[in-house]
Amino acid sequence: QVQLVESGGGWAQAGGSLRLSCAASRSPFGIQAMAWYRQAPGKQRELVAVIGGGTTNYADSAKGRFTISTDKDKNTVSLQMTSLTPEDTAVYYCNIRGLYSEYWGQGTQVTVSS
């Protein structure tokens with residue numbers, strides 16, 4: 001069973017930076033994509049950034065501020081967040097899509113003060 005462990009969440013001031021990391025207990029079979037989602041109170045879960053197939057994609061709100069990356073073994077995924085705003089406050093979830101299965105982390109809280 002693949003389990004995802006997230007770290008790096010916490011508090012930041014507006015304009016500050018945080019780096020989120022997600023490590024898989026073992027390498028999922030046939031990774032197709034690795035992504036970060038977030039869900040703010042009272043809002044739907046949304047895709048923030050995804051990397052797969054040799055490309056990356058970002059939500060409009062994250063473009064130019066967030067960077068998604070993986071390690072050489074592709075069993076971890078990180079999200080470097082800069083120029084944070086209070087609108088970035090949410091629970092952030094790691095997601096890994098294998099060839100046959102999809103895995104989710106437990107979520108990590110990010111709170112940005114104005």
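Residues numbered from 1 in each chain as written. Predicted model: local features only at pLDDT ≥ 70, side-chain atom pairs only at ≥ 80, totals over all residues. Heavy atoms only, no water.

What follows is about the nonpolar core. One recurring pattern in soluble globular proteins is that nonpolar side chains are buried together. Judged by nonpolar contacts, the single largest core of 28 residues is most densely connected at Leu4, Trp36, Phe66, Ile68, Leu79, Met81 and Tyr92. Counting residues per element, the ones that place at least two in this core are strand 3 (18-24), strand 4 (33-39), strand 5 (46-52), strand 7 (66-70), strand 8 (76-81), strand 9 (90-97) and strand 11 (108-113). In contact with Leu79, not counting residues within four places along its chain, are Leu18, Arg19, Leu20, Trp36, Val48, Ala49, Phe66, Thr67, Ile68 and Tyr92. (Core = buried A, V, L, I, M, F, W, Y, C linked by side-chain atoms within 4.5 Å. Buried < 20%, exposed > 50% of the residue type's maximum accessible area, 1.4 Å probe, protein only. Helix = DSSP H or I, 4+ residues; strand = E, 2+ residues; numbered from the N terminus. Contact = heavy atoms within 4.5 Å.)

This part covers the environment of Val91. Within the secondary structure layout, Val91 lies in strand 9. Looking at Val91, the relative accessible area reads 21%, which means it is partly exposed. Contact partners of Val91, with chain neighbours within four places excluded, come to Tyr37, Arg38, Gln39, Gly107, Thr108 and Gln109.

So, on to the state of the cysteines. For the coordinates displayed, the defined rule picks out one disulfide. For Cys22, the disulfide goes to Cys94, at an S-S distance of 2.1 Å. Here the disulfide of Cys22 and Cys94 is left-handed, its torsion about the S-S bond being about -80°. Here Cys22 is found in strand 3, whereas its partner Cys94 is found in strand 9, with 72 residues between them in sequence. For Cys22, a relative accessible area of 1% translates into the label buried. (Disulfide = S-S within 2.5 Å.)

Using the criterion set out here, one finds five salt bridges in the structure. The shortest N-O distance in the salt bridge between Arg38 and Asp88 comes to 3.0 Å. Here Asp88 lies in the loop between strand 8 and strand 9 and Arg38 lies in strand 4, a separation of 50 residues in the sequence. The class of Asp88 is buried, set by a relative accessible area of 1%. For the salt bridge of Asp88 with Arg65, the shortest nitrogen-to-oxygen distance reads 2.8 Å. Within this pair, whereas Asp88 is found in the loop between strand 8 and strand 9, its partner Arg65 is found in the loop between strand 6 (55-58) and strand 7, the two being separated by 23 residues in sequence. In this pair, the class of Asp88 matches that of Arg65, namely buried. (Salt bridge = Lys/Arg side-chain N within 4 Å of Asp/Glu carboxyl O.)

All right, on to the pairing of strand 1 (residues 4-7) then. Residues of strand 1 alternate between two faces, with Leu4 and Glu6 buried on one and Val5 and Ser7 left unburied on the opposite face. With four bridges connecting them, strand 1 and strand 3 associate as antiparallel partners. Counterpart to Val5 in the pairing with strand 3 is Ala23. (Pairing = 2+ DSSP bridges.)

Geometric values such as these leave the question of function open.
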